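Residue strings, one per chain:
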Amino acid sequence: MKEITRREFLSATAGALLSLPRAELFVGKEGEPKTTECPIFYFHEIWSSLNFNRFVMALLEEGFHPIRLSSLVTFLDTGEKRWPENKNPFIITFDDGLLTQKLNALPFLRERKIPAVFAVMPQWRGDGVHRYMTNNDFKELTELGMEVICHTFNHPNLPRLRLVNPGAWESEIIESKRALEDIIGRPVEFFCYPYGAYDRATIEVVPQYYKAALSTRAGTTQRSNELSILPRARKS
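Residues numbered from 1 in each chain as written. Predicted model: local features only at pLDDT ≥ 70, side-chain atom pairs only at ≥ 80, totals over all residues. Heavy atoms only, no water.

Moving on, we get to unusual backbone geometry. The phi angle of most residues is negative, glycine excepted, and most peptide bonds adopt the trans form. The phi dihedral of T152 is positive, around 75 degrees, even though this residue is not glycine. With respect to the element layout, T152 can be found in the loop between β6 (147-150) and α8 (158-164). According to the relative accessible area criterion, T152 is buried, its value standing at 0%. Positioned with a positive phi, H155 is a non-glycine residue whose angle comes to about 55 degrees. Position of H155 among the secondary structure elements: in the loop between β6 and α8. Given a relative accessible area of 3%, H155 falls into the buried group. (Helix = DSSP H or I, 4+ residues; strand = E, 2+ residues; numbered from the N terminus. Buried < 20%, exposed > 50% of the residue type's maximum accessible area, 1.4 Å probe, protein only.)

So, in structure tokens, the structure goes:
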């Protein structure tokens, strides 16, 4: 198989979302699905530590409370709430494992003891354009208490890849999880779709290996019958 670089995929359409009605795609649990308001913010490059710090501080001053992705998923699955009743939860996520996330955001997060989610590509060799974290960085993030989740090997548009190479498509979802687990030495329970792109086949496979997955659908309401396409709000 010819190796597909992230640069090559950047020319692909990022918004390849399946257009079928939501009710047709997702079968909820018995009764009404559990819901909660919890904005999941996502970032790419963090060029300014000052701007990032100000954004998070504003949330804290407005009464928001940072939580782990695992805490949100636990609530949606069991109803167990792991954050203060009088606080509004929010989650910070970073896509692509970019080095500026570690250099310009991690120090503030550690200082304030704020959890964050890093969606990374294990064994990624880079694209010659951006600077990326390494496998050693992923392990360090885990040891610092951050949640490191899978973002495939090569950042492909998964629906497009499935059409041309089903074996590679499966590997990007499944084998990348195993590779990342070997690197960080812990189970990897969550997934993040490159470009936010998925199709019916993809969202049927992902829940077999992950408890939840992050999409790029805009929204702040999290629902228990949408664990495979949790919506987020883009910040950079």
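Looking now at the packing of helix α7 (residues 135-143) against helix α10 (residues 175-184). Following both chains from N to C, one finds α7 and α10 inclined at 70 degrees, their axes separated by 8 Å at the closest point. As far as their axial angle goes, α10 and α7 are roughly perpendicular. Considering only the axes of α7 and α10, their crossing is right-handed. Residue-level inspection shows N135, F138, K139 and T142 of α7 in contact with α10, the latter providing L180, I183 and I184. (Axes fitted to C-alpha atoms, helices over the stretch in contact; angles between N-to-C directions. Parallel < 35°, antiparallel > 145°, perpendicular 65-115°, else oblique. Left-handed = near helix turned anticlockwise from the far one by under 90°. Contact = heavy atoms within 4.5 Å.)

Let us look at the nonpolar core. Of all hydrophobic cores here, the largest spans 44 residues; its most connected members are F52, I92, F94, I173, F191 and Y193. When residues in this core are grouped by element, the largest group, four residues, is from helix α3 (residues 49-61). (Core = buried A, V, L, I, M, F, W, Y, C linked by side-chain atoms within 4.5 Å.)

The next thing to look at is the confidence of the model for the protein chain. When pLDDT is averaged across the protein chain, the result is 89; 87% of the residues are at 70 or more. Confidence drops under pLDDT 50 across residues 1-29; counting only partners more than four residues distant or on other chains, this segment forms 60 contacts. (pLDDT = per-residue confidence, 0-100.)

As defined by bridge partners, strand β2 (residues 40-43) adjoins strand β10 (residues 230-234) across two bridges and the pair is classed as parallel. The residue of β10 that forms the bridge with F41 is A233. Where strand β8 (residues 212-218) meets β10, two bridges bridge the pair, whose relative direction is parallel. Of the residues in β10, the one forming a bridge with L214 is L230. (Pairing = 2+ DSSP bridges.)

The next point concerns the side chain of S71. Checked against the element boundaries, S71 lands in helix α4 (residues 69-78). Those residues in contact with S71, other than ones at most four positions away along the chain, are R82 and W83.

This paragraph deals with the pattern of salt bridges. Tallied over the entire structure, the rule returns twelve salt bridges. Among the ionic pairs, E143 bridges to K139, the shortest N-O distance being 3.8 Å. Of the two residues, E143 and K139 are both situated in helix α7; the distance of four residues between them amounts to about one turn of the helix. What makes K139 partly exposed here is its relative accessible area of 35%. (Salt bridge = Lys/Arg side-chain N within 4 Å of Asp/Glu carboxyl O.)

Within this structure, the stated rule accounts for 14 aromatic pairs. When the centroid spacing of 5.4 Å and the interplanar angle of 85 degrees are considered together, the rings of F191 and Y193 count as edge-to-face. In this structure, F191 and Y193 share a single accessibility class: buried. Here the aromatic rings of Y193 and Y198 are separated by 5.3 Å at their centres, their planes lie at 45 degrees, and the arrangement is tilted. Residue Y193 is classed as buried on the basis of its relative accessible area of 1%. For Y198, a relative accessible area of 4% puts it in the buried group. Linked through ring pairs, F41, F43, F52, F55, F64, F90, F94, F108 and F118 together constitute an aromatic cluster. (Phe/Tyr/Trp six-rings, centres within 6.5 Å; stacked < 30°, edge-to-face > 60°.)

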